[in-house]
Amino acid sequence: MGIENVFMVGAGFMGGGIAQVAATAGYRVKMCDVSEERLDTGLKEIEWSLGKLLSKRRITREQYDGASRNLETTTAMGDAGDADLVVEAVPESLELKSEVFAALDAACPEHTILATNTSAIPISSIAAATGRPDRVVGTHFFGPVPLMRLCEIIRGLITSEETFYAADGWARSVGKETVLVRRDHAGFVANRVNIPATLEAVRMVEEGFACPEDIDRASGGNDAGVGPMQIMDNAGIDVTFGAAKAIYDDTGDPVFLPPPLMRRMVAAGLLGRKTGRGFYDYPGGRRESREPPGASAGGPGRELEDERRAVIARRLFLPNLLEAVRLLEAGVAAPADIDKACRLGFNFPLGPLEIADGMGLDVAMEAAEGLYRETASPVYAVPPLLRRMVAAGLRFQTTNKMGSHL
């Protein structure tokens, strides 16, 4: 059965964005939230977003008008009774998502596909709340949804082939490039690869080794300084914290245990741009550098010494690479899909495996071994697959693109 009617649970930043792209693509969309006030706020954000896209000629007047006609709202979960596809985008809590999916299971017809936009929680854990785990799938969009191209399609333990590929086709029909995640792996691909480096960036601030601006500049390689600290502030430090904690709770892997500084910032409400303070300050919406509580590094904006910049770059890149190799070992995704997820999900010019191919796997392994000897941190432990590939003289994929030398 084809997908025509989409029921969107959640009218926030992600839910509203998913509803917008679905309505723009011609689907009939009902957007549901707990109050009319939240729905009104969501509709205003969608109207503003559509207006910006129209003014920049990213969509046509016909698409703009069609999106408005295709979208309606409700506060009643029971209105999902005619849905072919439901997409859930409520906060990252397994308990809350389980409640939502149990209600949807009762309200929706037998053929309905139930999709979750979770960024880290295993799909099978959410599917367990329903009587149709074969019809439950992950559709992990990246925000802002109208602008970001990636959608990860995640298969739970019992998700059927039909459901998996129907969700993939639908995501591509709303303009997304998809990465198929064939194993139910907490954190999936893009977040699973990126979070270890993000947590390592927080540890560098916590240690007093570098301030947020140092880290962003070393990551971005220029004065624009777009890097992990700004990404966390923009997304919400609580969002990154929740995703890392979900992976840690599922795996027990200390690589994903959020550092104490991050925990304290979340507890204090220093969540980034949305609260006005995070790793940076945002007076009047403008970003300004400052030292976050608990950090002892020198003042922001000072010139980085070449060697210290190189150490920061190594401590940011190597955790990404090593986790990407672990995904390969586990059979979660192919090298090209891992790189694609990192490029599209975080606007990186190259994926970690492409960079490693360019610099040489032996060089990357030696750098990781050096940091492991120095720190004994599991984030730098070299996976067996990488050792075997270096011994055999193999690469992840053939590429002429050279990564930065670390």
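## Remarks on the overall build of the chain
In terms of regular secondary structure, the chain is built from 16 helices and 10 strands. Expected size for 406 residues packed as a compact globule is a radius of gyration near 22 Å; at 21 Å, the chain falls within 12% of this value. Along the first, second and third principal axes, the C-alpha set of the chain runs to 60 × 50 × 40 Å. Per-residue burial over the chain gives 53% buried out of 406 residues. Contacts in the chain between residues at least 24 apart in sequence constitute 69% of all its contacts with a sequence separation of at least 6. In the form shown here, the chain has an accessible surface area of approximately 17,300 Å², with 50% of it arising from carbon and sulfur atoms. The averaged location of the 55 negative side-chain charges in the chain is 3 Å from the averaged location of its 44 positive side-chain charges.

## Observations regarding the packing of aromatic side chains
A full pass over the atoms with the stated rule returns 5 aromatic pairs. Through pairs of rings, three or more aromatic residues link up here, namely Tyr27, Phe141 and Trp170. One residue, Arg155, lies across the ring of Phe164, its end atom 5.7 Å from the ring centre. A cation over a ring is seen here: Arg315 above Phe209, with NZ or CZ 5.8 Å from the ring centre.

## Side note on the confidence of the model for the chain
For the chain, per-residue confidence averages 90 on the pLDDT scale, and residues scoring 70 or more make up 92% of the total. Considering only residues more than four positions removed or in separate chains, one finds that residues 221–225, a stretch of pLDDT under 50, has 7 contacts. With pLDDT under 50 throughout, residues 295–302 is counted as low confidence; its partners more than four residues away or in other chains account for 23 contacts.

## A look at the environment of Gly156
Along the chain, the position of Gly156 falls in the loop between strand S7 (150–155) and helix H6 (161–173). Taking the relative accessible area as the measure of exposure, Gly156 reaches 7% and is therefore buried. Separated by 180 residues in the primary sequence, Gly156 and Ala336 have C-alpha atoms spaced 22 Å apart. Those residues in contact with Gly156 that sit more than four places away from it in its chain are Ile123, Ser124 and Asp184.

## Some words on the nonpolar core
Membership of the largest hydrophobic core comes to 90 residues, with the highest contact counts inside it found for Leu104, Ile215, Phe279, Leu321, Ile338 and Phe396. Sorting elements by how many residues they give to this core places helix H12 (residues 306–330) first, with 10 residues. Setting aside anything within four residues of it in sequence, one finds Leu104 in contact with Phe7, Val9, Met77, Ala80, Val86, Leu114 and Arg132. Formed by 36 residues, the second largest nonpolar core is a distinct cluster that contains Ala22, Leu39, Ile46 and Phe164.

## Concerning the layout of surface pockets
In this structure, the second largest pocket encloses a volume near 590 Å³. Every residue lining the second largest pocket is counted, 23 residues in all, and those nearest its centre are Phe13, Glu45, Trp48, Ser49 and Pro144. Listed by contribution, the elements that provide at least two residues to the lining of the second largest pocket are helix H1 (13–24) and helix H2 (36–55). Ranked by residue count, the leading element in the lining of the second largest pocket is H2, at 10 residues. Here the lining of the second largest pocket is composed, by residue class, of 9 nonpolar, 7 polar and 7 charged.

## Things to note about helix H13 (residues 335–346)
Between its first and last C-alpha, H13 extends 17 Å over 12 residues, near the 16 Å set by a 1.5 Å rise per residue. For H13, the set of buried residues is Ile338, Asp339, Ala341, Cys342, Leu344, Gly345 and Phe346. Close packing links the buried residues of H13 with S7, strand S8 (177–181), helix H7 (190–207), H12 and helix H14 (352–359). Positive phi appears at Asn347, one or two residues downstream of H13, with a value of about 60 degrees.

## Let's talk about unusual backbone geometry
Looking along the chain, the bond that leaves Gly143 and enters Pro144 is cis, with omega of -5 degrees. Along the chain, Pro144 falls in the loop between strand S6 (136–141) and S7. Even without being a glycine, Arg57 presents a positive backbone phi close to 60 degrees. Within the secondary structure, Arg57 sits in the loop between H2 and helix H3 (61–70). Even without glycine at this site, Phe188 takes up a positive phi of about 60 degrees. Relative to the helices and strands, Phe188 is located in the loop between S8 and H7.

## Regarding the sheet that holds strand S1 (residues 5–9)
With respect to topology, 8 strands assemble into an open sheet ordered S3-S2-S1-S4-S5-S6-S7-S8, the strand pairing being mixed. Of all the strands in the sheet, the pair left with one neighbour each is strand S3 (71–74) and S8. Sheet twist, expressed as the average angle between the axes of neighbouring strands with direction ignored, equals 25 degrees. When S7 meets S8, the two strands line up parallel, connected through 5 bridges. Bridging across to S8, Ile154 finds its partner in Val181. Across the sheet, H3 touches strand S2 (28–32) and S3, and the angle it forms with S3 is around 30 degrees.

Cut-offs applied
Sequence order as written defines residue numbering, which begins from 1 separately in each chain. Totals for whole chains, interfaces and linings use every residue, but because this is a predicted model, local features are given only for residues with pLDDT of at least 70 and side-chain atom pairs only at 80 or more, for both listing and counting. Side-chain calculation: all heavy atoms of the structure are included, whereas hydrogens and water are not. Runs of E in the DSSP output that reach at least two residues are strands. Runs of H or I that reach at least four are helices, and both are numbered from the N terminus. What the globule rule says is 2.2 Å times the number of residues to the power 0.38, and the radius of gyration is computed from C-alpha atoms. Whether a residue is buried, partly exposed or exposed follows from its accessible area with a 1.4 Å probe, protein chains only, as a fraction of its type maximum: under 20%, in between, or over 50%, in that order. Two residues form a contact once any of their heavy atoms are found within 4.5 Å. Shrake-Rupley sampling with a 1.4 Å probe provides the accessible areas, and residues are treated as covered by the protein chains on show and by no other component. The sign given to each residue is positive for Lys and Arg and negative for Asp and Glu; His and the chain ends receive no count. Taken as the charge centre is NZ of Lys, CZ of Arg, CG of Asp or CD of Glu, depending on the residue. Aromatic pairing here means that ring centres of Phe, Tyr or Trp (its six-membered ring) are within 6.5 Å. Orientation follows from the plane angle: under 30 degrees is stacked, over 60 is edge-to-face, and everything else is tilted. Put simply, a charge is over a ring when the Lys NZ or the Arg CZ is close to the ring centre, within 6 Å, and near the line of the ring normal, within 35 degrees. The pLDDT value expresses, per residue, how confident the predictor is, ranging between 0 and 100. By nonpolar core is meant a set of buried Ala, Val, Leu, Ile, Met, Phe, Trp, Tyr and Cys residues that side-chain atoms within 4.5 Å join together. The rule is simple: put a 1 Å grid over the protein atoms alone, call a set of points where a 1.4 Å probe fits but cannot get out a cavity, call an open set with protein on both sides within 12 Å along at least five of seven lines a pocket, and count a residue as lining if it has an atom within 4 Å of a point. Grid points are joined across faces, edges and corners, and a volume is the space filled by probe spheres set on the points. Residues are grouped as follows: Ala, Val, Leu, Ile, Met, Phe, Trp, Tyr, Cys and Pro are nonpolar; Asp, Glu, Lys and Arg are charged; every other residue, Gly included, is polar. Expected span of a helix: the number of residues minus one, times 1.5 Å. Between any two strands, pairing holds if DSSP finds at least two bridges. Only the stretch in contact is used when a helix axis is fitted, and all axes are lines through C-alpha atoms; the angle between N-to-C directions ranges over 0 to 180 degrees.

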